[in-house]
Amino acid sequence: MMSGLVLLWLAALPCENATSELQQLTELARGEPAAMAAHLEALEQRWELPLRAPGDETSTEQAETAARRIQAACAPPEVTPVAPAPRTTDPARLQEILSRPEFAQARQRQGDVLQRLMRELKAFLEELLMTREAQGFATSTRTVVLGLGFAAVLFAVLRLRHWRRAPVRREADTQAGPAALELDSPGEHLRRARAALGTRPREAIREGLLALLSSLEAKRLARPDRVKTNRELVGELPGRGASTQLTGEVERLVRWYDQAFYSLEPVPPEDAARFVDDVERLHQGLAGAVA
């Protein structure tokens, strides 16, 4: 369609006079350069083409440009070869070709429709089973994650509850005070101290100290417990009504006990016996004061 339009346009151009036009342009460029402008203007109107270029300065250049454009306009267009239309396939002809002996194996490979359908069905079932297994795995994974999340929340709630109860228990323990030191009677501690003097002097002075504390507790001059030190108990004596003489004697006995009991050196039996005797005298003095 396009090539036909080009041919019609070429037919409308005065190409039959192109040779004479080109010859006249050459003669004018050589002999009458002044007439070139008017002649080119007339040619452009007749050919309906721009035959001049802005860069042409001489009449010879103008003639060459016009000749080149006229030749290009009158040149026949290049014809693009058209591919032949594909031939329609005759079903009967195709069947006849496939029926030849050399295509027997191809017919056997493609002819077993039942086996091909079975293979496709097997592949479909395998894919379906794999999909179900994947869904089951995803479901179990979600269940495990939810279980772990619930366990974490429960653990956090229990820990928070424990933290809230801990200050209450500590406050109750503080109000209750330190656990009191359970003591026997002064006489019982003194009896055990006398029995241990020969073989265990260190145990003897310990029982002597417990007898001293039991005597003070009986007089309500001290409240021994597992937290207070011996010196702290001595410091409370004046506040509980003990005399200066009693406070000094108790302080002397306690100071000697701390030095002897916590020393790495063995306790001499005679020093242990003297300590027990002093504690017993102090106990008797306190008992006489009560009487």
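As the structure is a prediction and not an experimental result, all values here were calculated from the model.

1. Thoughts on the confidence of the model for the protein
- Of all residues in the protein, 74% have pLDDT values of 70 or greater, and the mean over the chain is 75.
- Confidence, expressed as mean pLDDT per element, reaches its minimum in the protein at helix H1 (residues 2–12) with 45 and its maximum at helix H8 (residues 186–196) with 91.
- Note that pLDDT drops below 50 for residues 1–11; the model gives that stretch 10 contacts with residues more than four away or on any other chain.
- Of the regions scoring below 50 in pLDDT, residues 172–177 engages in zero contacts with residues more than four places distant in sequence or in other chains.

2. With respect to helix H9 (residues 201–218)
- Under the 1.5 Å per step criterion, the end-to-end length of H9 is 26 Å for 18 residues, consistent within 8% with the ideal 26 Å.
- Extensive coverage of H9 is indicated by the burial of 13 of its 18 residues.
- Looking one or two residues beyond H9, the residue adopting positive phi is Arg220, at roughly 60°.

3. Quick word on a nonpolar patch on the surface
- Side chains of Leu114, Met118, Leu121, Phe124 and Leu125 sit close together on the surface and give an oily, nonpolar patch of about 520 Å² of accessible area.
- With relative accessibility at 43%, the residue Leu121 sits in the partly exposed group.

4. What about the side chain of Ser214?
- Looking at the secondary structure, you find Ser214 in helix H9.
- At 2.7 Å, the side chain of Ser214 forms a polar contact with the backbone oxygen of Asp184.
- If sequence neighbours within four positions are ignored, Ser214 has contacts with Leu183, Asp184, Ser185, Pro186 and His189.

5. Describing the pattern of salt bridges
- Per the counting criterion, the structure on display carries 14 salt bridges.
- Notably, a salt bridge pairs Glu251 with Arg255, separated by 3.1 Å at the nearest N-O pair. One end of the pair, Glu251, and the other, Arg255, are both in helix H11 (residues 244–261), four residues apart, so they sit about a helical turn from each other.
- Relative accessible area serves as the criterion here: at 37%, Arg255 is assigned to the partly exposed category.
- Each of Asp184, Glu188, Arg191, Arg192, Glu203, Arg206 and Glu207 takes part in one network of salt bridges that share partners.

6. A few points about the packing of aromatic side chains
- Taken as a whole and judged by the stated rule, the model has five aromatic pairs.
- Ring centres 5.1 Å apart and planes at 15° place the aromatic pair Tyr257 and Phe261 in the stacked group. One end of the pair, Tyr257, and the other, Phe261, are both in helix H11, four residues apart, so they sit about a helical turn from each other.
- Given a relative accessible area of 4%, Tyr257 falls into the buried group.
- Overall, Phe261 belongs to the partly exposed group, its relative accessible area being 22%.
- Between Tyr257 and Tyr262, the aromatic rings sit 6.5 Å apart at their centres with planes inclined by 80°, giving edge-to-face as the arrangement.
- Taken together, the ring pairs connect Trp256, Tyr257, Phe261, Tyr262 and Phe275 into an aromatic cluster.

7. Thoughts on the nonpolar core
- Formed by 32 residues in total, the largest nonpolar core has its most connected members in Ile205, Leu212, Leu216, Leu237, Leu246, Val250 and Val279.
- Counting only elements with at least two residues in this core, the list comes to H8, H9, helix H10 (230–236), H11 and helix H12 (269–290).
- The biggest single contributor to this core is H9, with eight residues.
- The residues contacting Leu216, other than those within four sequence positions of it, are Leu221, Ala222, Leu237, Val250 and Leu286.
- Ala29, Leu51, Ala67 and Ala73 belong to the second largest nonpolar core, which has 16 residues in total.

Procedures and definitions
Residues numbered from 1 in each chain as written. Predicted model: local features only at pLDDT ≥ 70, side-chain atom pairs only at ≥ 80, totals over all residues. Heavy atoms only, no water. pLDDT = per-residue confidence, 0-100. Helix = DSSP H or I, 4+ residues; strand = E, 2+ residues; numbered from the N terminus. Contact = heavy atoms within 4.5 Å. Expected span 1.5 Å × (residues − 1). Buried < 20%, exposed > 50% of the residue type's maximum accessible area, 1.4 Å probe, protein only. Patch = residues over 30% accessible without salt bridge, like charges linked within 9 Å, V, L, I, M, F, W, Y side chains within 5 Å. Areas by Shrake-Rupley, 256 points an atom, 1.4 Å probe, with all protein chains shown as cover. Salt bridge = Lys/Arg side-chain N within 4 Å of Asp/Glu carboxyl O. Polar contact = N/O pair within 3.5 Å; in protein donor to acceptor, adjacent residues only side chain to side chain. Phe/Tyr/Trp six-rings, centres within 6.5 Å; stacked < 30°, edge-to-face > 60°. Core = buried A, V, L, I, M, F, W, Y, C linked by side-chain atoms within 4.5 Å.

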